[in-house]
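Close look at the chain arrangement
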Amino acid sequence: MKIGKPDPEPYLKAAAKLGFAASDCIVVEDAPAGVRAGKAAGARVIAFLTTMTRRNLEDSGADWIVQNCADITASNDDDGFQLSLSPS
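These lines cover the structure that appears in this document, whether it is placed above or below. This one's a predicted model, so the numbers in the text were calculated from it and none came from an experiment.

What to know about the pattern of salt bridges
The full count for this structure, using the stated rule, is 4 salt bridges. One salt bridge connects K39 with D63, and the closest N-O pair in it is separated by 2.9 Å. You can see K39 sitting in helix α2 (residues 32-41) and its partner D63 sitting in the loop between α3 (54-59) and β3 (64-66), a full 24 residues away along the chain. D63 gets classed as partly exposed once you look at its relative accessible area, which sits at 34%.

The structure is reproduced here in structure tokens:
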């Protein structure tokens, strides 16, 4: 990478390498610069309350804010892959 966060380049390159558009991805972050990078790439962002306050993460544009991975449930049913979040 030539440019780091909050520039979207890291997430745009990662999504492309995986064969997806960034808008089809969910970014997991714990810092405002990372949240801003994910949003600038066009992804949705789950932010973890591990290093920053809720206010910092909200102000940076996180779509969801959770305490930890226990707040996220994934399932696969007839409607496809689903994520359920229990925001903190």
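Quick notes on the state of the cysteines
If you walk through the whole model with that rule in mind, you get 0 disulfides. C25 carries a free sulfur, and the closest cysteine sulfur to it, the one in C69, is 17 Å from it.

A word on the pairing of strand β2 (residues 44-48)
For β2, the buried fraction is high: 4 of the 5 residues fall into the buried class. As defined by bridge partners, strand β1 (residues 26-29) adjoins β2 across 4 bridges and the pair is classed as parallel. Considered in β2, the bridge of I26 is made with R44. Crossover β1 to β2 through α2 is right-handed. In this structure, β2 lies alongside β3, joined through 3 bridges in parallel fashion.

A short note on the nonpolar core
Residues Y11, V27, V35, A47, L57, A62 and I65 are the most contacted members of the largest nonpolar core, which totals 14 residues. Those elements that place two or more of their residues in this core are α1 (9-18), α2 and β2. Here this core gets 3 residues from one element, more than from any other, and that element is α2. Ignoring anything within four residues of it in the chain, the contact list for Y11 reads K5, V27, V28, E29, G34, A37, G38 and A41.

As for α1
Taken as a whole, α1 has its buried residues at E9, P10, Y11 and A15. Phi turns positive, to about 85°, at G19, one or two residues after α1.

Overview of a nonpolar patch on the surface
On the surface, a cluster of nonpolar side chains totalling about 350 Å² of accessible area is made up of I26, V28, F81 and L83. Breaking the nonpolar patch down by element, the ones donating at least two residues are β1 and β5 (80-85). Locating V28 in the fold gives a position in strand β1. Overall, V28 belongs to the partly exposed group, its relative accessible area being 48%.

A closer look at the sheet that holds β2
The sheet built from 3 strands is open, its strands ordered β1-β2-β3 with parallel pairing. Both outer strands of the open sheet, β1 and β3, are each paired with one neighbouring strand and no more. Ignoring which end each strand starts from, the neighbouring axes of this sheet average 20° apart. Docked against the sheet, α2 engages β1 and β2, running at close to 165° with respect to β2.

Cut-offs used in this document
- Residues numbered from 1 in each chain as written.
- Predicted model: local features only at pLDDT ≥ 70, side-chain atom pairs only at ≥ 80, totals over all residues.
- Heavy atoms only, no water.
- Salt bridge = Lys/Arg side-chain N within 4 Å of Asp/Glu carboxyl O.
- Helix = DSSP H or I, 4+ residues; strand = E, 2+ residues; numbered from the N terminus.
- Buried < 20%, exposed > 50% of the residue type's maximum accessible area, 1.4 Å probe, protein only.
- Disulfide = S-S within 2.5 Å.
- Pairing = 2+ DSSP bridges.
- Right-handed = clockwise from strand over helix to strand, strands pointing away.
- Core = buried A, V, L, I, M, F, W, Y, C linked by side-chain atoms within 4.5 Å.
- Contact = heavy atoms within 4.5 Å.
- Patch = residues over 30% accessible without salt bridge, like charges linked within 9 Å, V, L, I, M, F, W, Y side chains within 5 Å.
- Areas by Shrake-Rupley, 256 points an atom, 1.4 Å probe, with all protein chains shown as cover.
- Axes fitted to C-alpha atoms, helices over the stretch in contact; angles between N-to-C directions.

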